[in-house]
Number of protein chains: 2
Amino acid sequence: MTETDTLPNRAGPAPDAPPRDVADFIETAHHADLARWLKDLPRTQVWRHLAGLGPERRVRVFTNMDLDSQAELARDMAPADLAALVSGMGGDDRVDLYNRLTPEEQAQLLRDLPAEDRADISRLAAHAEGTAGAIMTSGYATLGAEMTVREAIAALRVAAPASETIYRSYILDDAARLIGSIRLHELILADEATPVAAIMDRHPVSVSVDTDQEETARMIAHYDLLALPVVDAGGRLVGIVTHDDAADAMDAETTEDFQRISTVLPFKHNMREAGIGVLYSRRIVWLALLVFGNLFSGAGIAYFEETILAYVSLVFFLPLLIDSSGNAGSQSATLMVRALATGDVVLKDWGALIGRELLVAALLGATMAIVVLPVGIARGGADVAWVVGLTMFLVVIVGSLVGMSLPFLLSRLRLDPATASGPLVTTISDAVGVIVYFSIATLVLSL
Amino acid sequence: MTETDTLPNRAGPAPDAPPRDVADFIETAHHADLARWLKDLPRTQVWRHLAGLGPERRVRVFTNMDLDSQAELARDMAPADLAALVSGMGGDDRVDLYNRLTPEEQAQLLRDLPAEDRADISRLAAHAEGTAGAIMTSGYATLGAEMTVREAIAALRVAAPASETIYRSYILDDAARLIGSIRLHELILADEATPVAAIMDRHPVSVSVDTDQEETARMIAHYDLLALPVVDAGGRLVGIVTHDDAADAMDAETTEDFQRISTVLPFKHNMREAGIGVLYSRRIVWLALLVFGNLFSGAGIAYFEETILAYVSLVFFLPLLIDSSGNAGSQSATLMVRALATGDVVLKDWGALIGRELLVAALLGATMAIVVLPVGIARGGADVAWVVGLTMFLVVIVGSLVGMSLPFLLSRLRLDPATASGPLVTTISDAVGVIVYFSIATLVLSL
């Protein structure tokens, strides 16, 4: 089968059925497609297929499988096979796998690996999750400032197999400090006798190992880089973060944000494979917590039981009012959560934005009030209509301000702004809404 | 100032104050940082600074500014200056700007441009927004299959200035059909006398001009490509989508999803700059629509007024029950919206997932019921407690199933699944919740 035949599958999920000619597919398919197809086979078969591949292709395909599958397969493999496979993997990929293994499995693996691989893994595995250090790889190419372009290109030919990219290489001083970088592009265009020092970028952008991975990814996007060098406290080059790994990290962060704003505790599993236990445990926590939040609304209602008994028609508008407040609130919260995540907005912008939010909220509240007035009149007459309209105006404003401010407050407290989820905002503005509603009612209907 | 001095700024937003030495900064800063800094200056100053730069750097900096600023500046420039600037811009960047101009401005610009640029813009501008054609660029390098590696590298030296990337070049047949691609990496490693045909990839992955941009971006990520070739119906190469443009497109789509799930109609403006009119108009539509949804809940309540008057303590639990149902629903909805967006889950998976959802929802509902039972006993005695517990169990299940299924239903209807927002799900499950609640109450409390 030609590659183009498989294109529809490749962009989408794994093919429904194995390709017409399996042997041919296994041989010719893109390693990413082969990995995706193997993922859905029984594990014994997967290893049989992998074993049949050439060592290089085997590494490629294995690396392209998700970490859950990789870890499972690793457990079935003979230690020697696993070690061989892991030696061939990219620095960052094998650390991700390594971190998925049990301490015993990790020890066993390290024993079977050549010394340098062992050192590389221990070094990379040392960095905290979510930092540049944790997603960097050691597969970068370095050049000497004194080399000529001809020598540099010759050096890259040698370095290429072990490098994730040779499109940008890094120039270090004798202390391994990063002093420059150069693109293959520039080496190709330059005269062969030119010294690298004469054409290299002497101010390469870099991050430190403990830079947040979101910030690292944003820098790669901001500067349109293929790879961003990572330096230690002493300015020594210790790794690079490639654009694709940064993008994967960013994707994971975004998925986490989606989970948080819907009060689901973050989990890494693919939604198709996530187990019942995982989903239950990640969802129940906030659902249960919010119950107590809702008791405040209940308490408010209990407090105003007299008013309710006297004007039971007020209950008709209760869901409408508290939902509208909650909806306006989740609008503001979600917009801010995303803006903070993309860096469009930063902590200090709150002051500048709260005024605009108030204006927008007032317009929204006024419109909503006008929308409900006729309903109020129809259901409970002019008095009730005024109560409902005024309440609507106020609760939409309160909801919006709470929703807009909570993400800032949370990131101020060094918590994830995405925790300012719609449901949390809804619960808060519900409690406020109930009290505002029945207080106004009690006053206006002069009970 | 050295680059490293400005690093903190670069990753974050625009510097608060102009750098200590403006002239120095303008000369040495990375073009992306200079663009970000200019963005916040009065427009007249911006153009003065731009005019002071060398033509190449001017184009780089201008291209790095957001489209709103670009369009504004374009209006202030002398037509000749604008034309010169636009001629220097990348194919995709100048089309984005072109699309922001008024028809008059577009016509004027085309008149001032050299014939080939005019043709290129008209060709690229023809593609529908959201397709590969709309984000592709014409700045790709092509090689002949018959060339030797030496000839190919020589050809790339010539093509480099006009190419977005020379790290992958494309091999076309006489009819301009894409027959292969090769990485600069491979050219560097190969023997200089080898013919390109012998080492090129004969099955390059490609997309058609009308492929959805989300799918295009997913393919670039799936195959870890720097650029993905775009072909027309005849298989002729018409452009490439570079990884960074694909990432930008994906980012925009994600931001749109965040907006939709919070019932905000999509808008492209940066949250810091978005005007009151924009925010109001994008937010009011669903807020107002959901009012009518909430009237169903109200109607339900009206229908059960007798029950409420008899057991006013039932109202205490109303916000709690309808919120819990809505919260469980937005959890399921948001998880599915994201899974559908990343491709983790596809339309046909619904059947396979609904069973798991039902189980998880039942567990959640049971837990929530247990949580509220004591409150029910405390507030209204055993009978009320049973009513509340049973209702909680049922509404959490209903909410989850609605929330989980709605995104699938919507994408089945070729609508954006993200329209299955938390608030929409909440409103639906509220109406159901009210009816379930008071029906059970009426039965159990045998009114």
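Residues numbered from 1 in each chain as written. Chains lettered and ligands numbered in written order. Predicted model: local features only at pLDDT ≥ 70, side-chain atom pairs only at ≥ 80, totals over all residues. Heavy atoms only, no water.

- You'll find chain A entered in an unreviewed UniProt entry as Magnesium transporter MgtE, with Roseovarius spongiae given as the organism.
- For chain A, the Subunit (unreviewed entry) comment in UniProt is given as "Homodimer."
- UniProt, in the comment section headed Function (unreviewed entry), describes chain A in these words: "Acts as a magnesium transporter." (UniProt positions renumbered as here; feature names shortened; annotations may be inferred.)

Quick look at the relation of the copies chain B and chain A
Mapping between the two copies of the chain is achieved by a rotation about an axis and a shift along the axis.
Moving on, step 1. In the superposition of chain B on chain A (RMSD 0.1 Å, axial shift 0.0 Å), the rotation amounts to 180°. One copy is carried onto the other by what is essentially a two-fold rotation axis. Every residue of chain B has its C-alpha some distance from the rotation axis, and the shortest such distance is that of L309 of chain B, at 3.2 Å.
Moving on, step 2. Both copies present the same face, since 100% of the interface residues in chain B are matched by interface residues at the equivalent positions in chain A. (Least-squares fit on C-alpha atoms with pLDDT ≥ 70 in both. Contact = heavy atoms within 4.5 Å.)

Description of unusual backbone geometry
Keep in mind that most residues, glycine aside, have a negative phi and that most peptide bonds are trans.
All names here are of chain A.
Moving on, step 1. Positive phi is not limited to glycine here, since A176 has a value of about 65°.
Moving on, step 2. Among the secondary structure elements, A176 is positioned in the loop between β2 (165-172) and β3 (178-183).
Moving on, step 3. What makes A176 partly exposed here is its relative accessible area of 28%. (Helix = DSSP H or I, 4+ residues; strand = E, 2+ residues; numbered from the N terminus. Buried < 20%, exposed > 50% of the residue type's maximum accessible area, 1.4 Å probe, protein only.)

A closer look at the interface of chain B and chain A
Moving on, step 1. On the side of chain A, 115 residues touch chain B, which itself brings 115 residues to the contact.
Moving on, step 2. When the buried surface of chain B facing chain A is broken down by residue, Y167, F258 and R283 of chain B rank first, second and third, together holding 7% of it.
Moving on, step 3. In this structure, the connection of chain B to chain A is made through six salt bridges.
Moving on, step 4. The partner of R283 of chain B in a salt bridge is E357 of chain A, with the nearest N and O atoms 3.0 Å apart.
Moving on, step 5. Across the contact surface, chain B and chain A share 38 residue pairs in polar contact (both at pLDDT 80 or more).
Moving on, step 6. Per-class residue counts for the side of chain B that touches chain A are 61 nonpolar, 28 polar and 26 charged. (Buried area = accessible area lost by both parts, 1.4 Å probe. Salt bridge = Lys/Arg side-chain N within 4 Å of Asp/Glu carboxyl O. Polar contact = N/O pair within 3.5 Å; in protein donor to acceptor, adjacent residues only side chain to side chain. Nonpolar A, V, L, I, M, F, W, Y, C, P; charged D, E, K, R; others polar.)

A short note on the UniProt feature "transmembrane region" (unreviewed entry) in chain A
Moving on, step 1. The sites that UniProt annotates as "transmembrane region" (unreviewed entry) are residues 284-302, 308-328, 358-378, 384-410 and 422-445 of chain A.
Moving on, step 2. Across residues 384-410 of chain A, helical content stands at 100% and strand content at 0%; the span's end C-alpha atoms are separated by 38 Å.

What to know about the confidence of the model for chain A
Residue and element names in this part refer to chain A.
Moving on, step 1. Of the residues in chain A, 95% have a pLDDT of 70 or more, and the chain-wide mean is 87.
Moving on, step 2. Below pLDDT 50 for its whole length, residues 1-17 participates in 36 contacts with residues either more than four positions away or in separate chains.
Moving on, step 3. Across the whole predicted complex the pTM is 0.81, and at the interface the ipTM reaches 0.80. (pLDDT = per-residue confidence, 0-100.)

Observations regarding the side chain of R94 of chain B
All names here are of chain B.
Moving on, step 1. Checked against the element boundaries, R94 lands in helix α8 (residues 91-100).
Moving on, step 2. Engagement of the side chain of R94 in a polar contact is seen with the backbone oxygen of S87, the distance being 3.2 Å.
Moving on, step 3. Those residues in contact with R94 that sit more than four places away from it in its chain are V86, S87, M89, D117, D120 and I121.

Thoughts on the packing of α8 of chain B against helix α10 (residues 115-125) of chain B
Residues and elements named next belong to chain B.
Moving on, step 1. Contact geometry for α8 and α10: axes closest at 9 Å, N-to-C directions at 75°. When the axes of α8 and α10 are compared, the pair comes out roughly perpendicular. Where α8 abuts α10, its residues G91, D92, R94, V95, Y98 and N99 lie against D117, D120, I121, L124 and A125.
Moving on, step 2. Its residues placed into classes, the contact of α8 with α10 shows five nonpolar, two polar and four charged. (Axes fitted to C-alpha atoms, helices over the stretch in contact; angles between N-to-C directions. Parallel < 35°, antiparallel > 145°, perpendicular 65-115°, else oblique.)

Quick look at a nonpolar patch on the surface
Moving on, step 1. Taken together, the side chains of L409, L413 and L415 of chain A make up a nonpolar region of the molecular surface, amounting to roughly 290 Å² of accessible area.
Moving on, step 2. Tracing the backbone shows L409 of chain A in helix α21 (residues 350-412). (Patch = residues over 30% accessible without salt bridge, like charges linked within 9 Å, V, L, I, M, F, W, Y side chains within 5 Å. Areas by Shrake-Rupley, 256 points an atom, 1.4 Å probe, with all protein chains shown as cover.)

Structural notes on the domain arrangement of chain A
Moving on, step 1. Along its sequence, chain A is carved into domain 1 (3-126), domain 2 (142-261) and domain 3 (276-446).
Moving on, step 2. Here the C-alpha centre of domain 2 of chain A lies 26 Å away from the C-alpha centre of domain 1 of chain A. (Domains from an automatic or database assignment.)

A short note on the environment of Y167 of chain B
Moving on, step 1. Looking at the element boundaries, Y167 of chain B is found in strand β2 (residues 165-172).
Moving on, step 2. Between the C-alpha atoms of Y167 of chain B and F408 of chain B, which are 241 residues apart in sequence, the distance is 40 Å.
Moving on, step 3. Not counting chain neighbours up to four residues away, the residues in contact with Y167 of chain B comprise Y167, R183, L184, H185 and L226 of chain A together with I182, R183, L184 and L226 of chain B.
Moving on, step 4. In this structure the side chain of Y167 of chain B is engaged in a polar contact, spanning 3.4 Å, whose partner is the backbone nitrogen of H185 of chain A.

Overview of empty space enclosed by the protein
Moving on, step 1. All chains considered together, the criterion is met by four cavities of 30 Å³ or more.
Moving on, step 2. One number sums up the size of the largest cavity: a volume of about 210 Å³.
Moving on, step 3. Taken together, 19 residues form the lining of the largest cavity, with S330, G422 and P423 of chain A together with G422 and P423 of chain B sitting closest to its centre.
Moving on, step 4. By residue number, the principal contributor to the lining of the largest cavity is helix α20 (residues 318-342) of chain A, which donates five residues.
Moving on, step 5. Classifying every residue of the lining of the largest cavity gives four nonpolar, 13 polar and two charged. (1 Å grid on protein atoms, 1.4 Å probe; cavity = no way out; pocket = protein on both sides within 12 Å on 5 of 7 lines; lining within 4 Å. Points joined across faces, edges and corners; volume = space filled by probe spheres on them.)

Some words on the environment of A80 of chain B
Moving on, step 1. Relative to the helices and strands, A80 of chain B resides in helix α7 (residues 79-88).
Moving on, step 2. Taking the C-alpha atoms as reference, A80 of chain B lies 8.8 Å from L109 of chain B; in sequence the two are 29 residues apart.

Things to note about the pairing of strand β1 (residues 140-143) of chain B
Residues and elements named next belong to chain B.
Moving on, step 1. Here β1 shows a buried face lined by A141 and L143 and an unburied face lined by Y140 and T142.
Moving on, step 2. By the bridge criterion, three bridges tie β1 to β2 in an arrangement that is parallel. Counted as the bridge partner of Y140 is T165 from β2.
Moving on, step 3. In this view, the connection linking β1 to its parallel neighbour β2 by way of helix α12 (residues 149-159) has right-handed handedness. (Pairing = 2+ DSSP bridges. Right-handed = clockwise from strand over helix to strand, strands pointing away.)

Remarks on the UniProt feature "domain: CBS" (unreviewed entry) in chain A
Moving on, step 1. UniProt tags residues 200-256 of chain A as "domain: CBS" (unreviewed entry).
Moving on, step 2. As annotated, residues 200-256 of chain A comprises 42% helix and 23% strand, and the C-alpha atoms at either end are separated by 39 Å.

Focus: the pattern of salt bridges
Moving on, step 1. One pass over the full model with this rule turns up 39 salt bridges over all chains.
Moving on, step 2. A salt bridge links R272 of chain A to D349 of chain B; its shortest N-O distance comes to 3.4 Å. Placement of the pair is R272 of chain A in the loop between α16 (243-261) and α17 (276-303) and D349 of chain B in the loop between α20 (318-342) and α21 (350-412), with the two residues belonging to separate chains.
Moving on, step 3. Take D349 of chain B: its relative accessible area is 6%, and that puts it in the buried class.

So, the sheet that holds β3 of chain A
Residues and elements named next belong to chain A.
Moving on, step 1. Ordered in space as β1-β2-β3, the three strands form an open sheet in which the pairing is mixed. For this open sheet the edge positions go to β1 (140-143) and β3, each flanked by a neighbour on one side alone. Ignoring strand direction, the axes of neighbouring strands in this sheet form an average angle of 35°.

Considerations on the packing of aromatic side chains
Residues and elements named next belong to chain A.
Moving on, step 1. Evaluation of the coordinates by the stated rule reveals twelve aromatic pairs over all chains.
Moving on, step 2. With 4.8 Å between their ring centres and 40° between their planes, Y437 and F438 make a pair best called tilted. Considered together, Y437 and F438 belong to a single accessibility category, that of buried residues.
Moving on, step 3. A network of ring pairs unites the aromatic residues Y303, F304, Y437 and F438 as a single cluster.
Moving on, step 4. A cation over an aromatic ring shows up here: R379 above the ring of F316, its NZ or CZ 4.4 Å from the ring centre. (Phe/Tyr/Trp six-rings, centres within 6.5 Å; stacked < 30°, edge-to-face > 60°. Lys NZ or Arg CZ within 6 Å of the ring centre and 35° of its normal.)

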